[in-house]
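So you can see what is in the structure, the chains are spelled out below.
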Amino acid sequence: MKFEKSGYHGIILSDYGIGLDSSSPNIELNLISHAHADHVPRDRRVSVITTESTRRFMELRGFRGEIKTLGFLEPLETEQARITLYPAGHILGSAMIYVETDEGNLLYTGDFRTPPSPASEGFQLPQNVDYFITEATFGLPIYKWDSHEVIFEQIRNFASRTLDAGETPIFFGYNQGKAQEIMHALSPLNHPIQIHGAGYPLCQVYSDHGIDLGPYDKYNKDTVADAILVAPSSVQESAMIRNIRNKRIAYCSGWASHESRRQQMIVDELIPLSDHVDFFELLALIKTLQPRHTWVTHSPNPKVILHYLRELGYSASSLDMALKEED
Ligand SMILES: [Zn+2]
């Protein structure tokens, strides 16, 4: 099956007039996998198709183009193809895009996580995948995640210990997706949570979807010391953090599996909570799918996963795209 790269993340199936996370205004059907900034068209006037939650996130984040929505597992028929969105387990609204054609069936993952994030619609695979385009952000054998149960317990423990010591727990996590996952993990503590202003409006989409984020409010400098603060790591040098006198900070990210981050981030606890698949789950998934060919994208070193796949007898190659440290 023929396709071209388009821009930073995009892929174009030009024979079918289909774009996958593409910014091209010349493509008839531009499907968007999820609302992280690096997957959404730069040109905000492009017309796109995506899930309802992703539509809401994109609009909240300033996208002004036309957005049509497509439900999960509701096929969209074109003259030459059938397109279906499958839940990707990465963040709320995230979808894998499945394109069935006479040439074979292609699955494009966007970013995905299996087992899925408990703050997402879950994860589901289509039946027959001939061509597989997969992200491999953590596609090295040093990456193996603990279960969400274990990580969520670590999050609650850190918060409880810090509160018991009379200090303010601060969690660093990306404003879209990671922050809400942390809040969902904290919700059983029933302790007030404050979230960074840019992440706050996105929480409503989660609440409307029935995902419990605990008793949360927008960051308020006058009351934050009595709450649990959830904010992106980009604020670590800011007054928001400096003004909280007694605090302990936890960094929640797949990258937190590197002990070196403790000094780089100046944090008290590293919690490897990732919304991307780990190396072993990715291999297991390819064994389940048995695709005719796999293209790997966003890998820190594609040679490693390609080596493992070829050893296992799979046809695979790298679709070179820049790795972005959003997780
Ligand atoms: Zn993402």
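Look above for the structure.
A. Representation of the nonpolar core within the structure. In terms of nonpolar packing, the biggest core is built from 37 residues, with Met58, Ile155, Phe171, Ile182, Leu186, Tyr206 and Val230 touching the most fellow members. Elements with a contribution of two residues or more to this core: α1 (52–60), α2 (148–164), α3 (178–186), β13 (193–195), α4 (200–208), β15 (228–231) and β16 (247–252). Both domains that meet at this core, namely domain 1 (4–142 + 276–318) and domain 2 (148–271), each give it at least three residues. Residues contacting phenylalanine 171, with those up to four places away along its chain left out, are Ile155, Phe158, Ala159, Ile182, Leu186, Ile228, Leu229, Val230, Ala231, Ala250, Cys252 and Ile271. Formed by 23 residues, the second largest nonpolar core is a distinct cluster that contains Tyr16, Ala81, Leu106 and Leu319.

B. The arrangement of the packing of aromatic side chains in detail. Counted according to the given criterion, the structure contains 14 aromatic pairs. Their ring planes at 75° and their centres at 5.5 Å tell us that phenylalanine 158 and phenylalanine 171 sit as a pair that is edge-to-face. One end of the pair, phenylalanine 158, is in helix α2; the other, phenylalanine 171, is in strand β12 (residues 168–172), and 13 residues separate them in sequence. Both residues of the pair, phenylalanine 158 and phenylalanine 171, belong to the buried class. Measuring from ring centre to ring centre gives 5.1 Å for phenylalanine 279 and phenylalanine 280, while their planes differ by 80°; the resulting arrangement is edge-to-face. You can call phenylalanine 279 buried: its relative accessible area is 0%. Residue class for phenylalanine 280 comes out partly exposed when judged on its relative accessible area of 35%. Each member of the aromatic cluster is reached from another via a ring pair, and the members are Phe138, Tyr143, Trp145 and Trp255.

C. Summary view of the packing of α2 against α3. Taken N-terminus to C-terminus, the directions of α2 and α3 make an angle of 75°; their axes are 9 Å apart at the nearest point. Here α3 runs roughly perpendicular to α2, going by the angle between their axes. Contacts between α2 and α3 pair His148, Phe152, Ile155, Arg156 and Ala159 from the former with Glu181, Ile182, His184, Ala185 and Leu186 from the latter. Of the residues assigned to the contact of α2 with α3, the class counts are 6 nonpolar, 2 polar and 2 charged.

D. Structural view of the pattern of salt bridges. Taken as a whole and assessed by the stated rule, the structure comprises 11 salt bridges. Put simply, arginine 156 and glutamate 153 hold a salt bridge, and the shortest N to O gap is 3.2 Å. Of this pair, arginine 156 and glutamate 153 both sit in helix α2, 3 residues apart, which is roughly one turn of the helix. A relative accessible area of 18% means that arginine 156 is categorised as buried. Residue lysine 221 pairs with aspartate 222 through a salt bridge whose shortest N-O separation is 3.7 Å. By the burial criterion, lysine 221 is exposed, and aspartate 222 matches it.

Procedures and definitions
Residues numbered from 1 in each chain as written. Predicted model: local features only at pLDDT ≥ 70, side-chain atom pairs only at ≥ 80, totals over all residues. Heavy atoms only, no water. Core = buried A, V, L, I, M, F, W, Y, C linked by side-chain atoms within 4.5 Å. Buried < 20%, exposed > 50% of the residue type's maximum accessible area, 1.4 Å probe, protein only. Helix = DSSP H or I, 4+ residues; strand = E, 2+ residues; numbered from the N terminus. Domains from an automatic or database assignment. Contact = heavy atoms within 4.5 Å. Phe/Tyr/Trp six-rings, centres within 6.5 Å; stacked < 30°, edge-to-face > 60°. Axes fitted to C-alpha atoms, helices over the stretch in contact; angles between N-to-C directions. Parallel < 35°, antiparallel > 145°, perpendicular 65-115°, else oblique. Nonpolar A, V, L, I, M, F, W, Y, C, P; charged D, E, K, R; others polar. Salt bridge = Lys/Arg side-chain N within 4 Å of Asp/Glu carboxyl O.

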